[in-house]
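Listed here are the chains, written in short residue letters.
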Amino acid sequence: MKKRNLLIFPLLLCVVILFNSFKHKDLNKNTNTNSHPNNEIENRVDSVLSLMHLNEKIGQLVQYSGKWNATGPSSTNGDQYKLEKLKKGEVGSMLNISSVASIRETQKIVMEHSRLKIPLVFAYDVIHGYKTIFPIPLGESASWDLDIIKKSAMIAAKETAASGIQWTFAPMIDVSRDARWGRIMEGAGEDTYLNSVIGVARIKGFQGDDLALPHTIAACAKHFAGYGLGESGKDYNTVNIGEHELHNVVLPPFKAATDAGVATVMNAFNEIDGIPATANKMLQRDILKGDWNWNGLVVSDWGSIGEMKAHGFAKDKKHAAELALNAGSDMDMESYAYEAHLADLLQEHKITIEQLDDAVKRVLRLKFQLGLFDDPYKYCDVDREKNEVYTKENLEVSRDVAKKSIVLLKNETKLLPLSKTIKSIAVIGPLADSKDTPLGNWRAKGTYNSAVSLLEGVKNSLDKNTKVYYEKGVDLTIPTVKPGDNQFLHPLEFNTTDVSGISVAVEVAKKSEVVLLAIGENAYQTGEGRSQTNIGFLGKQQELLEAVYNVNKNVVIVLMNGRPMDLSWSADNIPSILECWFLGSESGNAISDVLFGDYNPSGKLPVSFPRHVGQEPLYYNQKNTGRPYNRSHVTYSGYRDSPKSALYPFGFGLSYTTFEYNNLKLDQTTITKTGELNASVDVTNSGQIDGEEVIQLYIRDLVGSITRPVKELKGFKKIMIKAGETQTITFKINAETLQFYTANKIWEVEPGAFNIWIGGSSIADLKTKFEVTE
Ligand code: BGC
């Protein structure tokens, strides 16, 4: 959550200057947008650019926050300063202003005072919903359901646009492999392919087919690049990856995003191989704007231009501005470096007017694509804001997404699903009646304490014949973040020592048929700056868990969390574990849908869950090494005190039914580099009830000019299979599936042998092979 204090500017007493300069109405009709060149828009961009003075050009590259101290070190420049800059037309964009009234008021300053009346574009971090909150991105990714993911982004866009905002800083498509990193909650997890397809689904949901439509907003693929791979899971930390890791693991989701027409890209706080991403010319100029020929806007991350001084890369802010602009970073978010130094840098020939103009054009292009030049108040409709935000329909979709995001990790004794005629049930735990934690961290305008709690959801599902007991048992944090707190200034404390509630919890556990134990993490344990070395149950939760389990073995852990956790003890002891992430506004109802069998769980993990934090970073698609694991000998790559495999692997998730995989067949066993083969498998629902299964395709390129991972996800299909039914699923395998960035520094298919697996997780063992020839 980023608490948004509205920017209230002093009342304007100035004479209203009629807005007319840039109503290029005729030119903005039905422009097909997104970031592909469009001649009409290009002509209009050029015409505006030709009228601009240097200060106005530089101004378009400046983005201010509408509140202070939002996501980084406090801004030194106050409201009055920003107001003057807005009046002079020296600001291109604002972030963190929300509501139609505030946006109209801010836009009016520019439209009534500035010489050229170039409208502002307003941005906000809409990460998993605007006011109707959806599951955190990592949770939503567990649905492996691209349609529903797209739909959730569409609704988020609709609510955002109805509130006056045109640009979200999402999706985060950083491949993240370390459970210690707090921001792992914000993306699609550890796999490159999954990040690519989910990123594209989100972008299409936000942007639709045309940015000029009133319900669509510009998306932002972030953070370019490598931010998810910071050493030791510390946020903002150094990234040291080689060229091939960069091209094969980190960049493909961004390439997919630009191919899908993402309007903007955000660079990153981290350095990569010694060069901060913000000043990384190879990434931004050579690859993104060069090789990929992408004509969208690159925005810096918050203060990341200024931070290059601390990195030891820039002498001072002026030097930082020079490095960033030269490297292709177009808009300065809250560093105040461009506005202070670009004019001098130009005069000193440290930057060129061509570079500056190109950056300005990217900003103007976005504004034309959004239709802001036609009507700067186009997103400022109070009726829409009243009628289209937090509606019943939107909440229904949120419940649907939420139930599809739940992953059943263990159900050994078939304790789940529970019968609705159960006589008694205990709902226990610090998160059992939490109406806030299910909203997650980046909850935009989600209202404090507005989620349906687990307890409420359970009560909604049961009639009066079931006795429902509730006990918190222990607290998770002291203090919890309260409304109005700036969560960045109030670190949570987990040294809760009070165990006095455990005995009462034990008493209700004793007299109940089943215990639902809601434990995990507080919403603010994950998110920006929330790295942790301990990924187990903090506070006294483990004590509570063991005390309850001692008196009642029928325990279901209802896990709420934003990162993979160490569940080793629970996996050994507790019969049922349901991974419920932070599911958003309808959390409790969605969880109850699964608990009581109204929905058969279908989620699969987008990240590996370790046996111990010491395994992190842990990911399924590792390299084999020269000494792959072998228990009978010491000198192999592994751990002496633990298996090296995941406790719950990538792609894993159970159902209330069972699926069997048979007859993995290829229609050819040899193809050329440009050839194509079909791989098919029979999937049978061998249980008693209908269920959805995510059928996953993995390959291994056995010998490469660059060593290849032991397995790579290359496709998946989520389908409903009726009880007793068998379906044959086919995947096409061609150059797109098999190519990688090789030692030749190009994407190509290398001839040789490939293994192929199809199954229900990354440890699928149904395997065959084929050969690729020249
Ligand atoms: C984050 C970005 C975010 C920006 C604006 C930064 O701290 O890294 O992802 O979009 O703040 O809120």
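Reading guide: rules and limits
- Residues numbered from 1 in each chain as written.
- Predicted model: local features only at pLDDT ≥ 70, side-chain atom pairs only at ≥ 80, totals over all residues.
- Heavy atoms only, no water.
- Salt bridge = Lys/Arg side-chain N within 4 Å of Asp/Glu carboxyl O.
- Helix = DSSP H or I, 4+ residues; strand = E, 2+ residues; numbered from the N terminus.
- Buried < 20%, exposed > 50% of the residue type's maximum accessible area, 1.4 Å probe, protein only.
- Near = heavy atom within 4 Å.
- Polar contact = N/O pair within 3.5 Å; in protein donor to acceptor, adjacent residues only side chain to side chain.
- Areas by Shrake-Rupley, 256 points an atom, 1.4 Å probe, with all protein chains shown as cover.
- Nonpolar A, V, L, I, M, F, W, Y, C, P; charged D, E, K, R; others polar.
- Expected span 1.5 Å × (residues − 1).
- Pairing = 2+ DSSP bridges.
- Axes fitted to C-alpha atoms, helices over the stretch in contact; angles between N-to-C directions.

1. Quick word on the pattern of salt bridges
Evaluation of the coordinates by the stated rule reveals 41 salt bridges. Salt-bridge contacts for glutamate 245 lead to arginine 177; the nearest nitrogen and oxygen are separated by 3.1 Å. In this pair, glutamate 245 sits in helix 8 (residues 243-250) while arginine 177 sits in the loop between strand 4 (167-168) and helix 7 (192-207), placing the two residues 68 residues apart along the sequence. Note that aspartate 178 is salt-bridged to arginine 180, the shortest N-O span being 2.7 Å. Accessibility expressed as a relative area gives 5% for aspartate 178, which makes it buried. One connected set of salt bridges, linked through shared partners, spans Asp125, Arg183, Glu186, Lys222 and Glu528.

2. Side note on the site of the ligand
Taken together, 14 residues are adjacent to the ligand, and Asp125, Arg183, Lys222, His223 and Asp301 come closest. One nitrogen or oxygen atom from the side chain of aspartate 125 is found 2.5 Å from an oxygen atom belonging to the ligand. At a separation of 2.6 Å, an oxygen atom of the ligand approaches a polar side-chain atom of aspartate 301. A total of 310 Å² of accessible area belongs to the ligand in isolation, and the protein chains cover 100% of it. Grouping the amino acids of the shell around the ligand by side-chain chemistry returns 6 nonpolar, 2 polar and 6 charged.

3. Some details on helix 15 (residues 392-405)
For helix 15, built from 14 residues, the straight-helix expectation of 20 Å at 1.5 Å per residue is met to within 8% by its first-to-last C-alpha distance of 20 Å. Among the 14 residues that make up helix 15, 10 are buried, leaving the element largely enclosed by the rest of the structure. Among the residues of helix 15, Asn394, Leu395, Val397, Ser398, Asp400, Val401, Ala402, Lys403, Lys404 and Ser405 are the ones counted as buried.

4. With respect to the sheet that holds strand 13 (residues 467-471)
Strands in a sheet are paired, the pairing made by backbone hydrogen bonds, and the direction either parallel or antiparallel. Across the sheet, which stays open at both edges, the 6 strands sit in the order 11-16-15-14-12-13 with mixed pairing between neighbours. Edge positions in the sheet fall to strand 11 (407-411) and strand 13, since each of these pairs with one other strand and no more. Neighbour to neighbour, the strand axes of the sheet diverge by 15° on average, direction disregarded. Pairing of strand 14 (residues 514-520) with strand 15 (residues 555-560) involves 6 bridges; the strand directions are parallel. Within the sheet, the bridge partner assigned to leucine 516 lies in strand 15 and is valine 556.

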